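Structural characterization, general
In case you want the letters, here they are:
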Amino acid sequence: MSTSARYDFDTVIDRRGTWCVQWDGVADRFGVDGLLPFTISDMDFATAPEVLTALRARLDHGVLGYTTWQQDDFRSAVAHWYATRYGTEVDTGRLVYGPSVLSQLSQLLQMWTAEGDGVVVHTPTYDGFRKAVTGLGRELRGVPLGDAEALERELARADAKVFVLCSPHNPTGRVWTEDELREMGALARRHGVAVISDEIHADFVHDGYRHVPWTRIGGDGRWAVITSGSKAFNFPALTGSYGFIGDPADRAEFLRRMETAEGLASPAVLSLTAHIAAYRDGAAWLDAARSYVAGNLALIAERLNGAFPELAWQPPQAGYLAWIDLRPLGVGAGAGTDGGGGVDGVDGVDDEALQRVLIEREKVAIMPGAVYGAPGFLRLNAGCPRSKVVAGVEALVRGVGGVR
């Protein structure tokens, strides 16, 4: 039996009425209930059965008291995952834990920056980064994806204190090569800028590409990795993230803040249970899910390029988020050039017109690129049964055709 045949990704699981942000909360962002959603980055799949088995066993124990992440079961599971998944030996003495990747980001920004300092990111930019940075009164400074000269210019500014790297990149799905990462690390060290590497999408890198953890790049610079198994194994509602901090004093200060100022000495026990089970026993499920999603992305490419050959759309290198450049079709007039590739904005249909057609006529919710600072793009979540992907891409093709 093939690995993919062991798991069922085709069966539709009804998420409505489960307090689900993607399904039950669609009106909060799009103003209309009942849309077929391809929005927030969680998947419509049940998590790995190996994870569910571990969770049930923990619940059957019956006692859900205070717990600790600083124990060998968790540490060894993380080390096992990095060794088997990435061929990387990690120092578990550098481990830290937090309630979420964005919470860890916020805490590190408060440690390493002051109000008004510059925080450098690639554009397009995950909207969670923008909210975290500007919400703390720091200045978000965007650099077009892949523009090394612009990156150095921003890092060289006297008040640039932190470079937030998304690796792999959200929303484009780009996987950085080791040479690219080493170049970015050298630039950051040269200009005394700390690096925070968000690697939550790393476990979903597609065939032909390889994720290189920043733990192999950081060296003696000031750096942190923030990540979680929740994205790849689809259990974000359990909360929980972890990471590595290079400098021992920075690590001690981070833990002090989490345990005192934030009152987070005890993590969610079910999150720990899920991480340990996923990292010990979930690799086969993850590989099957990744393969299935790759099929979804290939289907999107075939349908889009069949309808609009000028798009020449290619699936992302990582993740289940299809980042689609519609500017060659005249969508997103004046979009500019920092959307991760493609062409300059051209005269044509604006994004709002396309969104109105998708929402009002096609009854689908697909994230507009403007959310990430890239008008003329869409981000479509393909982490779902194939029947849903077919419905979504057909609605998109009709919607785009209707506004051209």
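Right, let's walk through the structure included here. (Residues numbered from 1 in each chain as written. Predicted model: local features only at pLDDT ≥ 70, side-chain atom pairs only at ≥ 80, totals over all residues. Heavy atoms only, no water.)

Details of the overall build of the chain
Threshold: Helix and strand definitions follow DSSP, with helices as H or I runs of at least four residues and strands as E runs of at least two, each counted in order from the N terminus. The globule rule used for comparison is 2.2 Å times the number of residues to the exponent 0.38, while the radius of gyration itself is calculated over C-alpha atoms. Accessible area is worked out with a 1.4 Å probe on protein chains only. A residue is then buried under 20% of its type maximum, exposed over 50%, and partly exposed in between. Contact between two residues is taken to exist if any of their heavy atoms lie within 4.5 Å; hydrogens are not considered. Accessible areas in this description were obtained via Shrake-Rupley with a 1.4 Å probe; residue shielding takes into account the shown protein chains only.
A count of helical and extended segments in the chain gives 14 helices and 11 strands. Its C-alpha radius of gyration of 21 Å places the chain within 12% of the 22 Å reference for a compact globule of 404 residues. Along the longest, intermediate and shortest principal axes, the C-alpha atoms of the chain span 55 × 55 × 40 Å. Residues classed as buried in the chain amount to 54% of the 404 residues present. In the chain, the share of contacts with a sequence separation of at least 24, taken over all contacts with a separation of at least 6, comes to 73%. Surface exposure of the chain reaches about 16,500 Å², of which carbon and sulfur atoms provide 50%.

With respect to the nonpolar core
To be explicit about the condition: The set of buried Ala, Val, Leu, Ile, Met, Phe, Trp, Tyr and Cys residues whose side-chain atoms join them within 4.5 Å is what this entry labels a nonpolar core.
If you look at the biggest cluster of nonpolar residues, it comprises 113 residues, and the most contacted ones within it are F233 and I300. Here this core takes 10 residues from helix α12 (residues 283-307), the largest share from any one element. In this structure, F233 is in contact with T47, A48, W81, A278, Y279, G282, W285 and L286, ignoring residues within four places of it in sequence. Counting residues in hydrophobic clusters, the runner-up holds 11 residues, among them V26, M367, V371 and A374.

Description of the state of the cysteines
For the record, the criterion: When the sulfur atoms of two cysteines come within 2.5 Å, that pair is taken as a disulfide.
As enumerated under the stated definition, the model contains zero disulfides in all. With no disulfide of its own, C384 lies 12 Å from the sulfur of C20, the closest cysteine sulfur. C384 sits in the buried class, given a relative accessible area of 1%.

Structural notes on the environment of D14
What counts, and what does not: Any N or O atom pair separated by 3.5 Å or less is treated as a polar contact, with the protein-specific requirement of one donor-capable and one acceptor-capable atom, and with residues adjacent in sequence counted only for side-chain atom pairs.
Assignment of secondary structure puts D14 in the segment before α1 (21-24). Note on D14: relative accessible area 47%, which makes it partly exposed. For the pair D14 and D44, spaced 30 residues apart in the sequence, the C-alpha separation amounts to 8.7 Å. Engagement of the side chain of D14 in a polar contact is seen with the side chain of R16, the distance being 3.0 Å.

Some remarks on helix α13 (residues 351-361)
Within the span of α13, buried status applies to D351, A353, L354, Q355, V357, L358 and I359. At its buried positions, α13 is contacted by α2 (26-30), β10 (364-368), β11 (377-381) and α14 (386-403). The N-terminus of α13 is capped by D350, whose side-chain oxygen sits 3.1 Å from the backbone nitrogen of E352. After α13 finishes, the residue K363 shows a positive phi value of roughly 65 degrees.

What about the sheet that holds strand β9 (residues 321-325)?
What counts here: Two strands qualify as a pair provided that DSSP identifies no fewer than 2 bridges between them. Interaxial angle, 0 to 180 degrees, is taken between N-to-C directions of lines fitted to C-alpha atoms, where a helix line uses only the stretch in contact.
Taken together, the four strands give an open sheet; going across it, the order is β1-β10-β11-β9, and neighbouring strands pair in mixed fashion. Two strands lie at the open edges of the sheet, namely β1 (36-38) and β9, each paired on one side alone. This sheet shows a mean twist of 35 degrees between the axes of neighbouring strands, independent of strand direction. In terms of strand pairing, β1 meets β10 through three bridges, oriented parallel. Looking at β10, one finds that P37 is bridged to A365.

Some thoughts on the pairing of strand β8 (residues 241-245)
Burial analysis of β8 places five of its five residues in the buried class, the great majority of the element. Covered by surrounding structure in β8 are S241, G243 and I245 together with Y242 and F244, the residues of both alternating faces. Direction of pairing for strand β2 (residues 95-98) relative to β8: antiparallel, over a ladder of four bridges. Residue G98 lies in a different strand from β8, and its bridge partner there is S241. The pairing of strand β7 (residues 223-227) with β8 spans four bridges and is classified as antiparallel. What sits directly across from T227, in β8, is Y242.

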